[in-house]
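Now for the letters of each chain:
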Amino acid sequence: PFDHQSNTLLYLSEAMPFPDNKNREYLAAVALEVERLLLAAHGHAAVLFTSYNAMGLVCSMLKARRLPFPLFQMGRRDTAALEKFKAGTNGVLFASGALWEGIDIPGDTLSLLIIVKLPFAAPDPIGEYEKGLYSGMDEYKAKALVPDMLVKLKQGFGRLIRTEVDTGVCAILDSRAKKGAPYHRRVLAALPNCRVTADISAVERFLREKKPPEYFEEEDVCAAA
């Protein structure tokens, strides 16, 4: 029922190094790219991680930069940060886990969804067992690992547009999704048909076209978590 071609812009970053949540330089690059996007969108954002540790480090980096938006960090069993974000206007929610599926935030409060890393499953005993059911790593990736990642990516993308009148930007920062990268075509095929850009200025132009004037004038009175 949603007109993604008109109401959604997909931003695929070309500024990011290969994702490595244990690399401090990579996380600093994530923080810089997230900051650029938040300023372009005037907040109203959720930043979706696959790692709570990486989320905490990036959130700390951005809090130190004193951005003009309240920043909320959602823990594993924490709903307070989510409720504060929903109650505000131009806040930024840093989250993992539950936000990938099942949470509904319609309207302009969530107008920018940043997916930091493609949601490949973390290694665990179940994954190791499943890997043994295939002839090799290539078959396991092709038939299980990548399809499962794409399903979860679609679920995450679905947090952005919740009603027929919602408009917004989904930004994917993983370098493996950019043009010419290994998963570029698979990502585009998995997601709804929408306009694609690698230009942050296009993000700002899109939101200027779609949002009312008060969107850019809002000052959130909530204190940062």
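For the structure given in this document, a descriptive report is provided here. Quick caveat: nothing in here was measured; it's all calculated off a predicted structure. (Residues numbered from 1 in each chain as written. Predicted model: local features only at pLDDT ≥ 70, side-chain atom pairs only at ≥ 80, totals over all residues. Heavy atoms only, no water.)

The 7 strands lie next to each other as β3-β4-β2-β5-β6-β1-β7, forming an open sheet whose pairing is parallel. Unpaired on one side and paired on the other, β3 (71–73) and β7 (195–197) mark the two borders of the sheet. Pairs of neighbouring strands in the sheet enclose a mean axial angle of 20°, with direction left out of account. One ladder, built from 5 bridges, connects strand β1 (residues 8–12) with strand β6 (residues 168–172); its direction is parallel. In the strand pairing of β6, T8 is matched with G168. Docked against the sheet, helix α8 (residues 200–210) engages β1, β6 and β7, running at close to 170° with respect to β1. (Pairing = 2+ DSSP bridges. Helix = DSSP H or I, 4+ residues; strand = E, 2+ residues; numbered from the N terminus. Axes fitted to C-alpha atoms, helices over the stretch in contact; angles between N-to-C directions. Contact = heavy atoms within 4.5 Å.)

Take the pattern of salt bridges next. This model, assessed by the stated rule, comprises 5 salt bridges. D104 serves as the salt-bridge partner of R162, at 2.6 Å between the closest nitrogen and oxygen. Of the two residues, R162 is situated in the loop between α6 (137–157) and β6 and D104 in the loop between β4 (92–95) and β5 (112–115); the sequence distance between them amounts to 58 residues. (Salt bridge = Lys/Arg side-chain N within 4 Å of Asp/Glu carboxyl O.)

Take the pairing of β4 next. On β4, burial covers both faces: V92 and F94 on one face and L93 and A95 on the other are all buried. Both strand β2 (residues 45–48) and β4 contribute to a ladder of 4 bridges, which runs parallel. Residue L48 lies in a different strand from β4, and its bridge partner there is A95. Bridge analysis of β3 against β4 gives 3 bridges, and the strand direction is parallel. Note that in β4 the partner of Q73 across the bridge is F94. (Buried < 20%, exposed > 50% of the residue type's maximum accessible area, 1.4 Å probe, protein only.)

Moving on, we come to helix α4 (residues 80–87). The complete set of buried residues in α4 reads A81, L82 and F85. The buried side chains of α4 occupy one side of the element, clustering within an arc of 100° when seen end-on. As for α4, its buried residues are in contact with β2, β3 and β4. (Arc of directions from axis to C-beta.)

This next bit is on the nonpolar core. If you look at the biggest cluster of nonpolar residues, it comprises 38 residues, and the most contacted ones within it are L37, L38, F94, L112, I114 and L173. At the level of elements, β1, α2 (24–41), β2, α3 (52–64), β4, β5, β6 and α8 are the ones that each hand at least two residues to this core. In terms of residues, this core owes the most to one element, α2, which gives 9 residues. If we skip the residues at most four places from it in the chain, I114 touches V34, L37, L38, A46, V47, L48, A171 and L173. Membership of the second largest hydrophobic core comes to 36 residues, among which are L10, A46, F85 and V146. (Core = buried A, V, L, I, M, F, W, Y, C linked by side-chain atoms within 4.5 Å.)

Let's shift gears to the packing of aromatic side chains. Applying the stated criterion across every chain, the model contains 3 aromatic pairs. In this structure, R208 is placed above the aromatic ring of F216, and the distance from its NZ or CZ to the ring centre is 4.0 Å. (Phe/Tyr/Trp six-rings, centres within 6.5 Å; stacked < 30°, edge-to-face > 60°. Lys NZ or Arg CZ within 6 Å of the ring centre and 35° of its normal.)

Another point: the pairing of β1. Taking burial as the measure, the 5 residues of β1 include 5 buried ones, the bulk of the element. Where β1 meets β7, 3 bridges bridge the pair, whose relative direction is parallel. Note that in β7 the partner of L9 across the bridge is R195.

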